[in-house]
Amino acid sequence: MTMLPWASLILSYAGFTALALAMPRHHEELWGGKPGPLARRLWQAGGALALLASLILALATWPNAPVAVSAWAGLLTLAAFALAMVLTRRNLGGHRALVLAPPALALGCGFLAAVF
Amino acid sequence: MKNGFRQSMAWLHTWTGLLLGWLLFAIFLTGTLAYFRSEITYWMKPELHVSQPAGDPVPLALSRLAQLAPAAPSWSITLPDQRNPSLSVSWSNPGEAPGRRGGPSAILDQTSGQILHPRQTAGGDFLYRFHFELYGLPRALARWIVGIATMAMFVAIISGVITHKKIFKEFFTFRPGKGQRSWLDMHNMTAVLALPYHIMITFSGLVLFVSTLMPLVIERGPQRPPQPAAEVAEAPPPRPLPQLTAIAPLMAQAETAWGGMPVGRIQIEKLDTDTPEILLVPQRQSVVTVQSGSGANGSERMRFDALTGRQIEATGVPEASVVAQVNMALGALHRARFSDTGLRWLFFAAGLAGTLMIGTGMVLWVSKRAMKHAKSGVQPFGLRLVDRLNVGGIAGLCLASAGYFWANRLIPAAAENRAGLEIAAFLLIWAAAAIHPFLRGTEKSWSEQLALTAVLALLLPVLNMATGPSGLPQALMAGNMVLASVDLMALICGAVAAIAAWKARPGQQKKPKANRRPPAAKPAPAAAVAQTGVPQTGVPQTGVAGE
């Protein structure tokens, strides 16, 4: 097992976080305040790039394309779910740094999987 | 006009959902469990768990075959793989064509070579079959029913996305503790976040049913050339077994040719002639489009002279038209045929999300209407009926599935018609769970059934340890992930059921009406449901109104 799928997962999480920051409602929840139009565009572009990068990593992990795309869809689900949980906690008064918890967890899992 | 369109979509979403919701819930739940079909079947045969992997199994299998079937004209060895760790051998009787199904066979202990005798079980195959053929109905009728349900699912997905357009603005939103609003968030979240999966699984499921629903439009997959009828030889006198060449280098050669895909089956044919041959078959297909049948092996073949090791022929992937290829790719995707372990778990998680989506949708149907009727204080009959049926259809099926695993271990291994008894246990538990809410009221039966499901699922690893030779810790230590995955799956499902049971515990709805004030615990979604069933609970919580 390589680190590739985990990296893909972390990138898709990063992509979703950036996309969330581009949305006024979620930006307010995560960061506070509203993003300006330029900031929104930048977050959107960054998010899209990160998702694209995670797709490329998925294609590199799984040898054939239909499998890789389905797997990527699965990773997206996982990443988006993690972000939704972070936002839920955040709304209940959780700390801003919670955003880093899912990628840290994924990194840990990936490390364990690579070692064993 | 736009509003009118959205409203009619909402109507469509609501009523297709209600009409086929329980069936779809059953299809999704059993289908999700069926991702672990061969793992479950293996788990359900604890007699096989004593066998530990021990080096190269081929020489052991060959020497045992020489003892068990010295006169057989052909032998076949199925090697342990990622999803089925048993070593099994089979052979044909003199005068029979080689490779016939249903011939004599045996599963061997990989250390001692002793024959293992697994119990008879319906295994994971029951759950797998149930998810597209149900049970006890004529096969064609059942496939029609499930096919129509699949189409309804497709309709519900599309109309749901249109109805809940707002979900894309509140993409990551889940607001716990807000009554019906939380249910709706949960329903939306499990739908949207796994939307690609839902579309893929529903669409590919529909394609798998094409031959049932539209018998004239199927294009057949590639057909293997018909095997020449085997010549029936008269039983030969026992003859000394030929000295076979070493198989390991042949396997290495095949695996290189197949791009690293390991050999899954070894057949030794024409043992009764002077020119015996070895046929190697890969474990799985290398490309997703090869073949959509539910058999396990790929379609490449490599044949060798068994005495000299010279390669006689190698066949590759059969040609197929584009339409057939797309069909087969969808079929393989639906069955997760290609999946390595990690991918299988991903699909399992997405399937679980789909199951939750359907379950929460059914609960929403009731809670919305209950709120509407709360002011008049009279709950119409249809509403009360759906409310009660929801318990059996959702919590009851979870309970029956957990009970099925217990039945497998508690019914004596030597019982007559064992597989039938296991299925009977499943159906009886489900029937009892369906009646339960009519006697006990919905509120109590929700929480009791969910709690019992949680207990059964969470204790499944304990049951496995008590009634089998290898528990979860041993399986993990030995790296037997096939065995461990069923216990792990039970723990995950048990945890989900425990959370649901906690949220649905009685008394939840008696909290003061809290609107937008975050209470400590999430007022149970199921509690909102329960209100409709229990007249004395009076005024329901005022959640934030629906979409």
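Every chain is numbered independently, its residues counted from 1 as its sequence is written. Just so you know, chain letters begin at A and ligand numbers begin at 1, following the order they were written in. The model is predicted, so local features are restricted to residues of pLDDT at least 70 and side-chain atom pairs to those at 80 or more, both for listing and for counting; the totals for chains, interfaces and linings are taken over all residues. Only hydrogens and water are set aside; all other atoms, that is, all heavy atoms of the structure, feed into the side-chain values.

## Things to note about the overall build of chain B
Basically, it comes down to this: Secondary structure follows DSSP: runs of H or I at least 4 residues long count as helices, runs of E at least 2 residues long count as strands, and numbering of each begins at the N terminus. Accessible area is worked out with a 1.4 Å probe on protein chains only. A residue is then buried under 20% of its type maximum, exposed over 50%, and partly exposed in between. Contacts are assigned to residue pairs that have any heavy atoms within 4.5 Å of one another. Here the accessible surface of atoms and residues is derived via Shrake-Rupley with a 1.4 Å probe, and residues count as covered only by protein chains that are part of the display.
Within chain B, the regular secondary structure consists of 18 helices and eight strands. Across the 547 residues that make up chain B, the buried fraction comes to 52%. The long-range share in chain B, meaning contacts at least 24 apart out of those at least 6 apart in sequence, stands at 69%. As displayed, chain B has an accessible area near 24,600 Å², and 64% of this comes from carbon and sulfur atoms.

## Side note on the overall build of chain A
Assigned secondary structure in chain A consists of five helices and zero strands. Listed by position from the N terminus, the elements making up chain A come as α-α-α-α-α. Put simply, chain A has 116 residues, and 45% of those count as buried. Pairs at least 24 residues apart make up 67% of the contacts formed inside chain A by residues separated by at least 6 positions.

## Observations concerning helix α7 (residues 195-208) of chain B
Our working rule: The span one expects for a helix is its residue count, reduced by one, times 1.5 Å.
Spanning 14 residues, α7 of chain B covers 20 Å between terminal C-alpha atoms, matching the ideal 20 Å at 1.5 Å per step. Most of α7 of chain B is tucked away: 10 of the 14 residues are buried.

## A look at unusual backbone geometry
All names here are of chain B. Even without being glycine, L134 reaches a positive phi, approximately 55°. In the Ramachandran plot, K270 falls in the positive-phi region, its phi being about 55° despite a non-glycine side chain. Here K270 lies in the loop between β5 (263-269) and β6 (277-282).

## So, the packing of helix α4 (residues 65-91) of chain A against helix α11 (residues 341-374) of chain B
When two helices pack together, you describe them by how their axes are tilted relative to each other and by the distance separating the axes. What counts is decided by this rule: Geometry is summarised by axes, namely lines fitted to C-alpha atoms with helices restricted to the contacting stretch, and by angles between N-to-C directions that run from 0 to 180 degrees. Angular relationships are summarised with four words: roughly parallel below 35 degrees, roughly antiparallel beyond 145, roughly perpendicular across 65 to 115, and oblique for the angles in between. Helix crossings are classified by the rotation of the near helix relative to the far one: an anticlockwise turn of less than a right angle makes the crossing left-handed, while a clockwise turn makes it right-handed.
At a minimum axis separation of 9 Å, α4 of chain A and α11 of chain B run at an interaxial angle of 55°. In terms of orientation, α4 of chain A and α11 of chain B fall into the oblique class. Like other packed secondary-structure pairs, α4 of chain A and α11 of chain B cross with a definite hand, here left-handed. The segment α4 of chain A lies against α11 of chain B, with V67, S70, A71, G74, L75 and L78 of chain A engaging L343, L346 and F347 of chain B.

## Observations concerning the side chain of T41 of chain B
All names here are of chain B. The condition is simple: Here a polar contact is recorded for every N or O atom pair within 3.5 Å, except that within protein the pair must consist of a potential hydrogen donor and a potential acceptor, and residues adjacent in sequence are included only if both atoms are side-chain atoms.
Along the chain, T41 turns up in helix α2 (residues 37-43). On the accessibility criterion, T41 (17% relative accessible area) is buried. At 2.9 Å, the side chain of T41 and the backbone nitrogen of G124 are in polar contact. Contact partners of T41, with chain neighbours within four places excluded, come to G123, G124 and D125.

## A short note on the sheet that holds strand β8 (residues 311-315) of chain B
Residues and elements named next belong to chain B. For the record, the criterion: Here the rule is simple: two strands pair whenever DSSP picks up at least two bridges between them.
Pairing is antiparallel in the open sheet, where eight strands are placed in the order β4-β3-β2-β1-β5-β6-β7-β8. Each having just a single partner strand, β4 (115-116) and β8 make up the two edges of the open sheet. In this sheet, strand β2 (residues 87-91) lies alongside strand β1 (residues 75-78) in antiparallel orientation, the contact comprising four bridges. Note that in β2 the partner of S76 across the bridge is S90. In the packing of helix α3 (residues 57-68) onto the sheet, the strands contacted are β1, β2, β3 (105-108), β4 and β5, and the crossing angle to β2 comes to about 35°.

## Thoughts on the confidence of the model for chain A
Stated formally: Values of pLDDT, ranging from 0 to 100, describe the predictor's confidence in every residue of the model.
The predicted model of chain A averages 88 in pLDDT, with 98% of residues at 70 or higher. Mean pLDDT across the elements of chain A ranges from a minimum in helix α5 (residues 101-115) of chain A, with 85, to a maximum in helix α3 (residues 37-61) of chain A, with 94.

## Digging into the pairing of β6 of chain B
All names here are of chain B. Taking burial as the measure, the six residues of β6 include six buried ones, the bulk of the element. Side chains of β6 alternate between two faces, with E277, L279 and V281 and I278, L280 and P282 buried alike. In this sheet, β6 lies alongside β5 in antiparallel orientation, the contact comprising six bridges. Bridge pairing in β6 links V263 to P282. Pairing of β6 with strand β7 (residues 301-305) involves four bridges; the strand directions are antiparallel. When the sheet's bridge partners are listed, L280 is paired in β7 with M302.

## A short note on the environment of A419 of chain B
Within the fold, A419 of chain B resides in helix α13 (residues 418-440). Not counting residues up to four positions away in its chain, the partners in contact with A419 of chain B are Q120, T121 and A122 of chain B.

## Description of the pairing of β7 of chain B
Residue and element names in this part refer to chain B. Counting buried positions along β7 yields five of five residues, so the element is predominantly enclosed. Side-chain alternation along β7 places R301, R303 and D305 on one buried face and M302 and F304 on a second face that is also buried. Both β7 and β8 contribute to a ladder of four bridges, which runs antiparallel. Bridge pairing links F304 to Q311 in β8. What sits between the antiparallel neighbours β7 and β8 is a turn of five residues, in which G309 has the positive phi angle 85°.

## Thoughts on the packing of aromatic side chains
We count it as follows: Whether two aromatic rings pair depends on their centres lying within 6.5 Å, for rings of Phe, Tyr and Trp, where Trp uses its six-membered ring; planes under 30 degrees apart make the pair stacked, over 60 edge-to-face, and the rest tilted. We count a charge as sitting over a ring when the NZ of a lysine or the CZ of an arginine lies within 6 Å of the ring centre and within 35 degrees of the ring normal.
According to the stated counting rule, one finds 19 aromatic pairs over all chains in the structure shown. Taking the centre distance of 5.6 Å and the plane angle of 75° together, the rings of F16 of chain A and F172 of chain B count as edge-to-face. With one member in each of two chains, F16 of chain A in helix α1 (residues 4-21) and F172 of chain B in the loop between α5 (139-163) and α6 (180-193) form a pair that bridges those chains. We note that F16 of chain A, like F172 of chain B, is buried. Through a chain of ring-to-ring contacts, three or more aromatic side chains come together here, namely W43, F126, F130, Y135, Y404, F405, F426 and W430 of chain B. Stacked on the ring of W365 of chain B, the Lys or Arg R369 of chain B has its end atom at 4.3 Å from the ring centre.

## Let's talk about the pattern of salt bridges
Residue and element names in this part refer to chain B. Worth spelling out the cut-off: Just to be clear on terms, a salt bridge is a Lys or Arg side-chain nitrogen sitting within 4 Å of an Asp or Glu carboxyl oxygen.
Within the structure shown, the criterion is met by 15 salt bridges over all chains. For R129, the salt bridge is made with E133, and the minimal N-O distance between the two is 3.3 Å. Of this pair, R129 and E133 are both found in helix α4 (residues 123-133), four residues apart, which corresponds to roughly one turn of the helix. Take E133: its relative accessible area is 7%, and that puts it in the buried class. Across the pair E269 and R303 runs a salt bridge, and its minimum N-O distance is 2.9 Å. In this pair, E269 sits in strand β5 while R303 sits in strand β7, placing the two residues 34 residues apart along the sequence. Residue classification places R303 among the buried residues on the basis of a relative accessible area of 16%.

## Some words on the interface of chain A and chain B
Selection rule: When two parts are brought into contact, each loses some accessible area as probed by a 1.4 Å sphere; the total of that loss over both is the buried area.
Each partner contributes residues to the interface: chain A has 24 residues there, and chain B has 22 residues. Area buried by chain A at its contact with chain B is led by R25, V67 and T77 of chain A, which between them contribute 23% of it. Linking chain A with chain B are three residue pairs in polar contact (both at pLDDT 80 or more), by the criterion used here. Counting only elements with at least two residues in the side of chain A that touches chain B, the list comes to α1, α2 (24-30) and α4 of chain A. In terms of residue count, α4 of chain A provides more of the side of chain A that touches chain B than any other element does, 16 residues in total.

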